[in-house]
Amino acid sequence: MTGGHIDESLIKQYESEKKYWHQVLQRILSVIKMLSSRGLSFRGSDEIVGSVHNAKVLLSFLEENNVSIKDCRGQTYDNASNMSGKYNGMQALIREKNKLAEFIPCCAHSLNLIGRSTVECCPAAVSYFYFVQKLYVFFSASTHRWNLILDVFKKFGIPTLKRLSDTRWSAHHDAVDALLKGYTNIEEVLVLMCEDKSEKPVTRLEAKGLAAIMNRLETGIMLQIWSTILIRFNKTSKCLQDASLDLNTATKLLESLKEFVHSLRSQFMEFKHRNAELSPSNEFMVTNFTPIIDKLVAALNQRQAAYCVIRDKFELLSELNCLVSDQMRDKANDLINIYSDDIEPGFVDEIVQFSAFWNSYISSDSSKTEDTKQLENSKCSS
């Protein structure tokens, strides 16, 4: 000790931590006050979703709390035009202040938009999902009808009918999955309601109309097509919502989904065989099936491109075990040129050495694992 109390350093550390967390709480409270005063989330001083004040309010808030937008290196929001717009969206206005604030759209929300835009491109798809929603509304609008169909579902262990949602595309999967598994049973219930004299004439008429739609060629084929597509969309969407997901994996997930959808283009006859009693024409394939697949692939390509730009920029960090030293140096220099204020020139040599260390470490760890397995096997055999 050179004088002072023995706990002097601890007191300084405590005061420093206290000051830091006081500032953090102050900023959090400021955010809460701002949001609660408007009842909105970063929507500016009015209640118009597309307001031009969005970015201005955020920038003003950051400035008031001594947070420099120049330190921002990334921004991500949903894909609403007022947030992601190239010219007047929040991301564009922030990039005017800081070009290094790269915009990365929400992956899971992107799938929602892809699905919605695909449905809207094809009248048959619009008609099909209108029917799915109408079927749910028909049964759920009456306690009697809902209990009637619910008893059938419980008897055969079938999931209940689900409603669609514009904001949650996974709801389309749930609705289509329930319809697929209970198709025959639902149709039988509708037919019984048509013939039930105790039902109201309007109810019998609606049931007859829905039963007729279920017996159509287009409905059966659309059910098979969308069931196949939505299963993979739903699985991919859940993976994209993983909090530990990295951008490289997200890009690969979208790429794999795109390849899967593209592979369906040649599978029309397979969907036909699943509905053997029906005879879909070539016209249906040309006017409905092919446009759906092509639109999905094009939309996935467009959405994936936004992530590929960022992925390629930082490819060096995810491909350390694949690049030779010259390639690493080139890519490291590219990063330095972009982030000259953030990365020191010594990063080039540092990353080359780290790559050698990492590859050696992985190789050593792999050898240890093999040795451990051999040791365990020898113990078991003895």
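The structure displayed is predicted, hence computed values, not measured ones.

*Asks:* Report on the overall build of the protein chain, specifying residues and quantitative values.
*Replies:* Counting secondary structure elements, the protein chain contains 17 helices and two strands. For the protein chain, buried positions account for 37% of its 382 residues. Residue pairs at least 24 apart in sequence account for 67% of intrachain contacts in the protein chain once pairs closer than 6 positions are excluded. A total of about 23100 Å² of accessible surface is found on the protein chain, and carbon and sulfur atoms cover 53% of it.

*Asks:* I'd love a proper account of the pattern of salt bridges, names of residues and values included.
*Replies:* Tallied over the full model, the rule gives nine salt bridges. Here Glu 255 ties to Lys 258 by a salt bridge, and the two come within 3.2 Å at their closest N and O atoms. Linking Glu 255 with Lys 258, this pair stays in helix H12 (residues 247-263), spanning three residues, or about one helical turn. Note that Glu 315 is salt-bridged to Lys 331, the shortest N-O span being 3.0 Å. With Glu 315 in helix H15 (residues 315-318) and Lys 331 in helix H16 (residues 325-338), the pair connects residues that are 16 residues apart, well separated along the chain. A residue is classified by how much of its surface remains accessible, and Glu 315, at 28% relative accessible area, is partly exposed. In this structure Lys 331 comes out as partly exposed when scored by relative accessible area, which is 26%. Residues joined by salt bridges that share partners form a network here, namely Arg 95, Glu 102 and Lys 313.

*Asks:* Give a description of the packing of helix H6 (residues 123-140) against helix H7 (residues 143-156) that names residues and reports values.
*Replies:* Two elements in contact, H6 and H7, have axes separated by 6 Å at closest approach and are oriented at 110 degrees. Classed by the angle they form, the pair H6 and H7 counts as roughly perpendicular. Contacts between H6 and H7 involve Tyr 136, Phe 138, Phe 139 and Ser 140 on the former and, on the latter, Arg 145, Trp 146 and Ile 149. Residue classes in the contact of H6 with H7 are distributed as five nonpolar, one polar and one charged.

*Asks:* Any details on a nonpolar patch on the surface? Residues and values, ideally.
*Replies:* A cluster of nonpolar side chains, contributed by Phe 354, Phe 357, Trp 358, Tyr 361 and Ile 362, occupies part of the molecular surface with about 500 Å² of accessible area. Looking at the secondary structure, you find Phe 357 in helix H17 (residues 347-381).

*Asks:* Summarise the environment of Ala 108; cite the residues concerned and give the values.
*Replies:* Tracing the backbone through its elements, the reader meets Ala 108 in helix H5 (residues 107-120). In sequence terms Ala 108 and Cys 239 are 131 residues apart; their C-alpha atoms lie 8.8 Å from each other. Those residues in contact with Ala 108 that lie beyond four places of it in its chain are Ser 237, Leu 240 and Gln 241.

*Asks:* Explain helix H11 (residues 217-240) residue by residue, including any values.
*Replies:* Between its terminal C-alpha atoms H11 stretches 35 Å, which fits the 34 Å expected from 24 residues at 1.5 Å a residue. Among the 24 residues in H11, 17 count as buried, and that is most of the element.

*Asks:* An account of the packing of aromatic side chains is requested, with residue identities and associated values reported.
*Replies:* In the structure shown here, the tally under the stated rule is nine aromatic pairs. Aromatic pair Phe 354 and Trp 358: ring centres 6.4 Å apart, planes at 15 degrees, arrangement stacked. Taken together, the positions of Phe 354 and Trp 358, both in helix H17 and four residues apart, correspond to about one turn of that helix. Judged by its relative accessible area of 36%, Trp 358 is partly exposed.

The rules behind the values
- Residues numbered from 1 in each chain as written.
- Predicted model: local features only at pLDDT ≥ 70, side-chain atom pairs only at ≥ 80, totals over all residues.
- Heavy atoms only, no water.
- Helix = DSSP H or I, 4+ residues; strand = E, 2+ residues; numbered from the N terminus.
- Buried < 20%, exposed > 50% of the residue type's maximum accessible area, 1.4 Å probe, protein only.
- Contact = heavy atoms within 4.5 Å.
- Areas by Shrake-Rupley, 256 points an atom, 1.4 Å probe, with all protein chains shown as cover.
- Salt bridge = Lys/Arg side-chain N within 4 Å of Asp/Glu carboxyl O.
- Axes fitted to C-alpha atoms, helices over the stretch in contact; angles between N-to-C directions.
- Parallel < 35°, antiparallel > 145°, perpendicular 65-115°, else oblique.
- Nonpolar A, V, L, I, M, F, W, Y, C, P; charged D, E, K, R; others polar.
- Patch = residues over 30% accessible without salt bridge, like charges linked within 9 Å, V, L, I, M, F, W, Y side chains within 5 Å.
- Expected span 1.5 Å × (residues − 1).
- Phe/Tyr/Trp six-rings, centres within 6.5 Å; stacked < 30°, edge-to-face > 60°.

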